[in-house]
Every structure is written in C-alpha cells, then in structure tokens.
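Read off the chains here:
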Amino acid sequence: MVRAFGDANGEVTFVGIADQQTGPAPVDGPVHWDSVACQRNGLLRSLLSTWPLVAAVHATAAYRARLDQLFTQKWDAIVFDHYASGWALQRFLATPQGRSPQRPVIAYLAHNHEELVLRAIAAGSDASLLRRLGFWQNYYKVRAMERYMVNHVDLVTAITQEDADSFSAQRPGLRTIVLTPGYNGVVSPVRAITSQIPRHVIMVGSFQWAAKQENLRQFLRIADPVFARNGIVFDVVGSVPEALRNELTPHLKATVLHGFVQDPGPLFDAARIALVPEAIGGGFKLKFLDYLFRRMPVATLADAAAGLPAELRAAMIQSDTLAELADTVVAQIDAVDQLDGMQQRAFEVAGSLFQWRDRGEGLRTAMFN
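Residues numbered from 1 in each chain as written. Predicted model: local features only at pLDDT ≥ 70, side-chain atom pairs only at ≥ 80, totals over all residues. Heavy atoms only, no water.

The name given to the protein in an unreviewed UniProt entry is Glycosyltransferase, with Duganella levis as the source organism.

This is the structure in structure tokens:
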C-alpha cells in the first residue's frame, strides 16, 4: 500500500521500527523508508499499559522521539496504519501542527472494525476464565483507541463495505473509502484439479492472533472427526504457538499441523480444496487472494466471504455453519471437474480486481479531492 500510494502521490515517507522481525528497509524510488532501530517494548510492560497490547509494544522511546522530530516538519497528509498507531495520532494532535486549523489531512488505514471483532472473540471464547478476562480487557482498550482514531481523523479506509458502514454509524458524516487489498504474491501457472490429486484440503495462515486461534479450535473440533471418517487429510500450514499445538495435537486424527513452511507450493499442489473457516473476525480475508491466484477452489463460510465481489463468491463453495462447511467439503471433494471449473472462473475474475496501483490512486483521490 505504501508503494502504491507513493507511486500515485510522487513521494511518501514511511516510518516504522526496524529490528530482527522486519529486516532491512527496501529501496524504492517514491518511498523514503525511515527506519527506527530499536527493540519493541516487552510483554509485561505492555500488559500494564492503558493502551492495547500491540500499541504498547510498539510505542518505544526511540520511536516516539523520531516521530516528535518528524512532526515538526510540514506535511500535506499523514496516514496512521492500524489501530496500533493510535498512540502516534494522539502524539501528533498534541503538537502545534496537529492543533492548527491548517493541519495535514489525516487518514486511518483500518484493517478491520476491531471493536466488533474483539468483542466477538471475548464473547465467543470457551477458554479459561483468566484468558477470557484478558480478552475482555484488551477489547475495552482496543475499543477506546479505535473510537479515538475514528473520531479524530479526516478519512477512514476500510477493507470491506461492512466495516465502512460500521465506522460511519459510529461517527455520522465520516468520510470513508473501501480499499480491498491488492495482490503481488505468487501466481500459479495453469493448473487442473483431477482425481490424481490426493484427497487433501488445505488452510494457510498465521495463528498467532487470538481470533485465528479460536477459529482454528472451533473448526478442528467439528471438522477433524468428519474428515477422518471420510479419508480426507487436512493440512494446516502456518505458525502455531507451541501451547496451542500441544493443546490440539492429541485430539487430531485427520489434521496435520505443519507449522511455518518456507515454500507451501507443494502442499497447495497436493490439495483439492482450500478452506477459509473463519467464524470469528471481520474484514477481508487475505488468504482468499493467495488461494485464488494459486488456482485453488475455495470453500468458506458465507460470512467470511462477505467482503468479496458477488462474481467471486459465485465461484466458491459457501456454507452457513462450520458443520455444514465440513459436510460440504466431504460431498464436493471428489467432484473434481466442478472444482476445476470453480478455480478457473475465480482466477479469471480475480486477475482484474486486485491491483495495488488502483488502491494507491484511490487513497490519494479520497485524501486530496
């Protein structure tokens, strides 16, 4: 998004933390990557903060100092990415430039309507009492920060129309724009789904976030025994915390937790269907794009696909509940001609819809026109 906005605008400065998690900054023509070399704040200190955990982790002394320097410069616009940057917005609005009637245009780049997502996590979790209390505490912190950002910016970008509508309901008259993600990942060559492909289904993602973990728990509880009875292997690819792996593994019969895989290509090639069984968590599911451009037929919950265009949803298997999704996968796994037709149609539609260039131009137009 930064590169796309820089291309549309001619120049942009991006500031962020650089450490072992991020690696060196890239070199780009329209983007000046301003890297703050420091370690993120520790977990205990962050838990004691009044800010949400992910915000407190990033609000380091070095990062605050660098932002204070940048906020003395004259800017046409400032974009705050994710609710975790709400503390930086608070800091800017306390500066002379932030208090000025001629302040820059300020935009909040939202990844979800976080208040709705985290409330669903806290209310729907069947974890221990202590863990649920942690979910509720973080929910109230995130709600406060997200509402602050929505109430103090000039523009909110959302990744689904549903999120944009929710932000507008919170603050009537708010300017919003829907910018679904673009795609610049792997694009698979021509692929056919045939009976020679093993009866595997696949799900790829990172399971570090509480919502992702809860989705995985709920789906495996329902789907793993169904897949095991029907001779289907479920490949789950992505980083899984050790505690969650230890909790899940003893009960699994059809599911393989592969963990992080540098190149998941062979696992995609050996699967007939890709799954998005996310009952908790709003927003646009980025894994849809990975699946579509790798020419995978997709089975998903109807609610999870809500942010997709109708012509894409029509080329997917959609179910209303997790149990129905598992049963539908069993019913469709051997309909290889139908699955092959789905992936071909979805690939053709997706190719024209998810260009980063369009997102950068859309953001610039929304901010300055």
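Now that the structure has been shown, the text picks up again.
## Section: the pattern of salt bridges
Put simply, the test is: By convention in these notes, a salt bridge is any Lys or Arg side-chain nitrogen within 4 Å of a carboxyl oxygen on Asp or Glu. Where helices and strands are cited, they refer to DSSP runs of H or I of at least four residues and of E of at least two residues respectively, numbered from the N terminus. Each residue is assigned to one of three classes by its accessible area relative to the maximum for its type, calculated with a 1.4 Å probe on protein chains only: buried under 20%, partly exposed between the two thresholds, exposed over 50%.
Considering all chains together, one arrives at 11 salt bridges under this definition. Close ionic contact of D34 with R66 constitutes a salt bridge, the shortest N to O distance being 2.6 Å. With D34 in strand β2 (residues 31-37) and R66 in helix α4 (residues 61-70), the pair connects residues that are 32 residues apart, well separated along the chain. Judged by its relative accessible area of 9%, D34 falls in the buried class. One salt-bridge network, held together by shared partners, links R199, R272 and D334.

## Let's talk about the packing of aromatic side chains
What counts is decided by this rule: Stacked, tilted and edge-to-face pairs are distinguished by plane angle, under 30 degrees for stacked and over 60 for edge-to-face with tilted covering the rest, among Phe, Tyr and Trp rings (Trp via its six-membered ring) whose centres lie within 6.5 Å. Note on geometry: a ring has a charge over it if NZ (lysine) or CZ (arginine) is within 6 Å of the ring centre and within 35 degrees of the ring normal.
By the definition in use, this model includes 14 aromatic pairs. Their ring planes at 35° and their centres at 6.2 Å tell us that W51 and W87 sit as a pair that is tilted. Placement of the pair is W51 in the loop between α2 (43-47) and α3 (53-58) and W87 in helix α5 (residues 86-93), with a sequence separation of 36 residues. W51 gets classed as partly exposed once you look at its relative accessible area, which sits at 25%. Residue classification places W87 among the buried residues on the basis of a relative accessible area of 4%. Note on Y108 and F167: the rings are 6.3 Å apart at their centroids and 70° apart in plane angle, and the pair reads as edge-to-face. Taken together, the residues span a long stretch of sequence, with Y108 in strand β4 (residues 105-109) and F167 in helix α9 (residues 161-170) at a distance of 59 residues. With respect to burial, Y108 and F167 carry one shared label: buried. Through successive ring pairs, a cluster of aromatic residues spans W51, Y63 and W87. Seen from the ring of F347, R295 lies directly overhead, with NZ or CZ sitting 3.6 Å from the centre.

## Looking at the packing of α5 against helix α8 (residues 129-152)
The line we're drawing: Structural elements are reduced to axes, namely lines fitted to C-alpha atoms, with helices fitted over the stretch in contact, and the angle between N-to-C directions of any two is expressed from 0 to 180 degrees. Working rule for angles: under 35 degrees goes down as roughly parallel, over 145 as roughly antiparallel, 65 to 115 as roughly perpendicular, anything else as oblique. Crossings are classed by handedness, with left-handed meaning an anticlockwise turn of the near helix from the far one by less than a right angle and right-handed meaning a clockwise turn. Residue contacts follow a heavy-atom distance rule, with two residues in contact if any of their heavy atoms lie within 4.5 Å. Classification convention: Asp, Glu, Lys, Arg as charged; Ala, Val, Leu, Ile, Met, Phe, Trp, Tyr, Cys, Pro as nonpolar; all other residues, Gly among them, as polar.
It is the contact of α5 with α8, at a shortest axis distance of 9 Å, that shows an interaxial angle of 45°. Overall, the two elements α5 and α8 adopt an arrangement that is oblique. In this structure, α5 crosses over α8, and the sense of that crossing is left-handed. Note on element contacts: α8 touches α5 through M145, Y148, M149 and H152, opposite G86, W87, L89, Q90 and L93. The residue makeup of the contact of α5 with α8, split by class, is six nonpolar, three polar and no charged.

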